[in-house]
Structure formats: structure tokens, C-alpha cells
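These are the residues of each chain, in order.
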Protein chains: 2
Amino acid sequence: MDEVKVIEIKKSVFADNALDADALRRELKEKGVFLLNLMSSPGSGKTTTLIRTINLLKDKIRLAVMEADIDSDVDAVKIREATGVESIQLHTGGMCHLDAEMTRQGLDNVPLDALDLVILENVGNLVCPAEFDTGSCCNAMILSVPEGDDKPLKYPLMFSVCDVVLINKTDVLPYFDFDLERCERYVHMRNPKARVIPICAKTGEGVEVFAEWLLGEVRQWKQ
Amino acid sequence: MDEVKVIEIKKSVFADNALDADALRRELKEKGVFLLNLMSSPGSGKTTTLIRTINLLKDKIRLAVMEADIDSDVDAVKIREATGVESIQLHTGGMCHLDAEMTRQGLDNVPLDALDLVILENVGNLVCPAEFDTGSCCNAMILSVPEGDDKPLKYPLMFSVCDVVLINKTDVLPYFDFDLERCERYVHMRNPKARVIPICAKTGEGVEVFAEWLLGEVRQWKQ
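For the structure given in this document, a descriptive report is provided here. (Residues numbered from 1 in each chain as written. Chains lettered and ligands numbered in written order. Predicted model: local features only at pLDDT ≥ 70, side-chain atom pairs only at ≥ 80, totals over all residues. Heavy atoms only, no water.)

## Focus: empty space enclosed by the protein
Alright, step 1. This structure, assessed with the given rule, holds one cavity of 30 Å³ or more.
Alright, step 2. Of the volumes computed, that of the largest cavity is approximately 50 Å³.
Alright, step 3. Lining the largest cavity are 13 residues; nearest its centre among them are S144, P146 and E147 of chain A together with S144 and E147 of chain B. (1 Å grid on protein atoms, 1.4 Å probe; cavity = no way out; pocket = protein on both sides within 12 Å on 5 of 7 lines; lining within 4 Å. Points joined across faces, edges and corners; volume = space filled by probe spheres on them.)

The structure is reproduced here in C-alpha cells:
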């Protein structure tokens, strides 16, 4: 009995969130705003990658950033200072992920009518954020070289829900046992359609490929 | 009303787990078995650190390892092959952490009466595992240099519940903007008593300091 009850509670939570997420996506489509959900482990380079990406895009489209964090506002301040774009911090109060309702609370605080793209930097975690649909139009994740090329084997759900996987910190490839081809093969075991883009956020190498792809997605969403 | 209900559910979950954890710790004390809970982000080097540590300790004390993972048994196989010690894999079925009851289910599968030390490698995650007392006698965590020295600011709870913080991958310090002293200062903001030990699991440097500390803790626990 206990087990069935637990499963029901779980299902009900997920079902509600799936409905909330779908409703949020419909609203975003109507407004012509593209929401990108960016996920990764702590320290994989989400903020640095975002700064590079924003600086490539900010003269082409109107965008804002929502930085989710358990505590601190380090990232939102860093992004605003480095790019000049609107950046707000979402404190999750210890929560390890964002769901659609929490994402909506964030979106209520950005000027949606004046935007083409909102980037949500999710909490640094390869497990829980993958389980909750935020209502985003697309999921992207960053795997950094020092984390190891076996991560798609260990965190299958994260890799199966992502449309794009950025392999970051390629500048330190010589110092780590990380095989790009093997990693790409593992990613495609989880999600054959996932696009894999090697980048180095520190030097900027490859980030323009991601920025071009994102620009294409935003334009398609607005049609 | 809704908010109060949610809080009650949370409290009740945590209260039960705290009781379970305390009961488990008492049993471990009676049996003279020390349980170490090792946490970190994905890819910070938990398994490599464990292999080095076990090889330094296995002729001095009797030990076993429990590897928690969402999926896969890569780590348990790796540890058994590299050290020869008993190593079992705990599949969490998508769960992002272990609580005391889950830890107990693992311990039921190792020969506790013939052991001095059990090391639990928790799920790779800096958020959820910090929220659940596993019943361990001590919490340790690994922060690796590529993750950045600001992590104690961003994941406060993890650093406040850990007695020992291992700073791993010191061999790549020249390639990253990571300041050991600043990191130690941040760790001590969260937990003034935490011991910080720089190591390089790849070369073995510093691991003997951690192994000696752990040996001392195990011997004290058995008194």
C-alpha cells in the first residue's frame, strides 16, 4: 500500500507540473518569447558560457537572464556587469531544481513583452533539474572536460532531456583523460538527436556555433 | 493553509529520517563500525580518491565500500578491480540522494561484523545529499579545482555539514583561476571546524593525510 501511495503522489506532482509547463510554453509561444533552460553540474562554466553567448547575441535580439541559485547573487551580478543585459537572481531556498511554477514566478519579474529570449540558468545539479519540466522551449546542458566523458552513462535522464550538449573547457583536454568522440557516442546512446558542441568558454572558441544555433531556434519559435 | 501543510510534510519527513539516522549511528557504534559518507559533484574524483585511500588503509583495517548511483555499476566494479575490497553498488532508481533507511538497506548487504569501516560514496550532487542525514559517523566532501573556489558560497549547506573537505585535482591548479587560501576561507565561513586537505587523487599527493585522519577517526570510534 505504501509503495502505491508514494507512486501516486509522485505521478500527481509530475502530472501537475507537466500541465503547468505546457501552459507556460503556450503563453511563451503566443508572446514570441523563447525560453532556454541551461543545466549542468556546479562549476562546469554555465555563467562564463552565458556571458560569451549573450555578448554574441545582444545586438541581434532582445534578451534577459534568470539565474537560479540556492543562495548568493554572485552570478546575476557577474552577468549584468559583463554584458549589460537584464539579469535577475532566483533564490530557490534550498530547493535543488526549478519547476514550471517557480520558473513562472521568475518570468513575472522580467519584461516579457520587450524580449525575444530568456535564458534560465538552472541550479547546478545533474539529477533533479532533469526531472522537472520548467516550461522551457529547449533544454541545453554543459558537461565540462574535467568531469569526465562517462557522465552520460551515470546521469542518463539529464542527457536524454537535452537538445544540445556543450562540452566545455576543451582547453584542458590535454590534462584529462577525456575522449570527445567517446563522449559524443555516450550522449547519443541517451539521445540520438542531441547536438554536441565542443566549446571553450574561457577563450570563446566554439561559442559562436552555439550562439548561431540558439539564434536560429529563437527565430523559428517567433514564426 | 497549503503552505503550512507543505512545511509539516517536510518536517515530518526530516524528523523521521533524523530518528532513523540516529538509530543507525547507535547500532554502528555498538558494532564498532565507522561509516563515512563521501559526497561531491559529478566528476570531482570520488572514485579515484577512494581507490587511493583504500589501498593505503586495507592492510590496517577491514573495510568495504557502497557505491550509490542512479544507474550503472561502473564505480563498484572499478573499486573492486583496483583494490580487491568488497564493493557493492546501490541503485537509487533516479533518487538524487540517500537517506538513513536507504543506507541501512545497503548496510544489510555487507558483512558488518567483519568490518571496521564502511565508506558510502553518495550520489554526485552538491544539493540534496547534504539535506539527508545518512546515519554516517562523519561527512566528507570533495571539491575539485576545475569546479571553482566559490562553491562554498553557492552550496552553503553541503559545506556546513562536512567535517572534512578534500580539494582535489591540485595538479591542474596552474590552468584554473582557483585560489586555495580563498577557498579555505570560504569553507570556514560555512563551517569553522572543517578540515581542508588539498589532494591530487591522480598522483596520490596528499591522500595519505586524509587516510591518516580517517584511520584516527575509525580507531577513536571503536573505543
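## Description of the relation of the copies chain A and chain B
Alright, step 1. Here chain A sits on chain B after a turn of 180° about the axis and a move of 0.0 Å along it, with an RMSD of 0.0 Å. Such values leave the two copies arranged in the relation of a two-fold axis. No C-alpha of chain A approaches the rotation axis more nearly than that of N125 of chain A, which lies at 2.9 Å.
Alright, step 2. An overlap of 97% is found between the interface residues of chain A and their copies at the interface of chain B, pointing to a shared contact surface. (Least-squares fit on C-alpha atoms with pLDDT ≥ 70 in both. Contact = heavy atoms within 4.5 Å.)

## Digging into the packing of aromatic side chains
Alright, step 1. For the coordinates displayed, the defined rule picks out five aromatic pairs over all chains.
Alright, step 2. Directly above the aromatic system of W221 of chain A lies the positively charged group of K29 of chain A, at a separation of 4.9 Å from the ring centroid. (Phe/Tyr/Trp six-rings, centres within 6.5 Å; stacked < 30°, edge-to-face > 60°. Lys NZ or Arg CZ within 6 Å of the ring centre and 35° of its normal.)

## Some details on helix 2 (residues 46–57) of chain A
Alright, step 1. Under the 1.5 Å per step criterion, the end-to-end length of helix 2 of chain A is 16 Å for 12 residues, consistent within 8% with the ideal 16 Å.
Alright, step 2. Inspection of helix 2 of chain A places K46, T47, T49, L50, I51, T53, I54 and L57 of chain A among the buried residues, and these make up the whole buried set. (Helix = DSSP H or I, 4+ residues; strand = E, 2+ residues; numbered from the N terminus. Expected span 1.5 Å × (residues − 1). Buried < 20%, exposed > 50% of the residue type's maximum accessible area, 1.4 Å probe, protein only.)

## Digging into the interface of chain A and chain B
Alright, step 1. Listed as interface residues are 31 residues of chain A and, on the opposing side, 31 residues of chain B.
Alright, step 2. Here chain A packs against chain B, burying approximately 2500 Å² in sum over the two surfaces, 58% of which is carbon and sulfur.
Alright, step 3. Inspection of the region where chain A meets chain B yields two salt bridges.
Alright, step 4. For D75 of chain A, the salt bridge is made with K154 of chain B, and the minimal N-O distance between the two is 2.8 Å. (Buried area = accessible area lost by both parts, 1.4 Å probe. Salt bridge = Lys/Arg side-chain N within 4 Å of Asp/Glu carboxyl O.)

## As for the sheet that holds strand 1 (residues 34–40) of chain B
Residues and elements named next belong to chain B.
Alright, step 1. A sheet is described by the order of its strands in space; here seven strands give the open sequence 3-2-4-1-5-6-7, paired in parallel fashion. Each having just a single partner strand, strand 3 (87–91) and strand 7 (195–198) make up the two edges of the open sheet. Across the sheet, the axes of successive neighbouring strands diverge by a mean angle of 20°, strand direction being ignored.
Alright, step 2. In this structure, strand 2 (residues 63–69) lies alongside strand 3, joined through five bridges in parallel fashion. Residue A68 lies in a different strand from strand 3, and its bridge partner there is L90.
Alright, step 3. In the packing of helix 8 (residues 180–190) onto the sheet, contacts are made with strand 5 (138–144), strand 6 (164–168) and strand 7, and the angle to strand 7 comes to roughly 155°.
Alright, step 4. Packed onto the sheet, helix 9 (residues 207–221) meets strand 1, strand 4 (117–121), strand 5, strand 6 and strand 7 and runs at close to 145° relative to strand 1. (Pairing = 2+ DSSP bridges. Axes fitted to C-alpha atoms, helices over the stretch in contact; angles between N-to-C directions.)

## Quick word on the state of the cysteines
Put plainly, a disulfide is one covalent bond tying together the sulfur atoms of two cysteines.
All names here are of chain B.
Alright, step 1. According to the stated counting rule, one finds zero disulfides over all chains in the structure shown.
Alright, step 2. Here C138 is not disulfide-linked; the sulfur of C162 is the nearest cysteine sulfur, at 8.0 Å.
Alright, step 3. Classification of C138 as buried rests on a relative accessible area of 4%. (Disulfide = S-S within 2.5 Å.)

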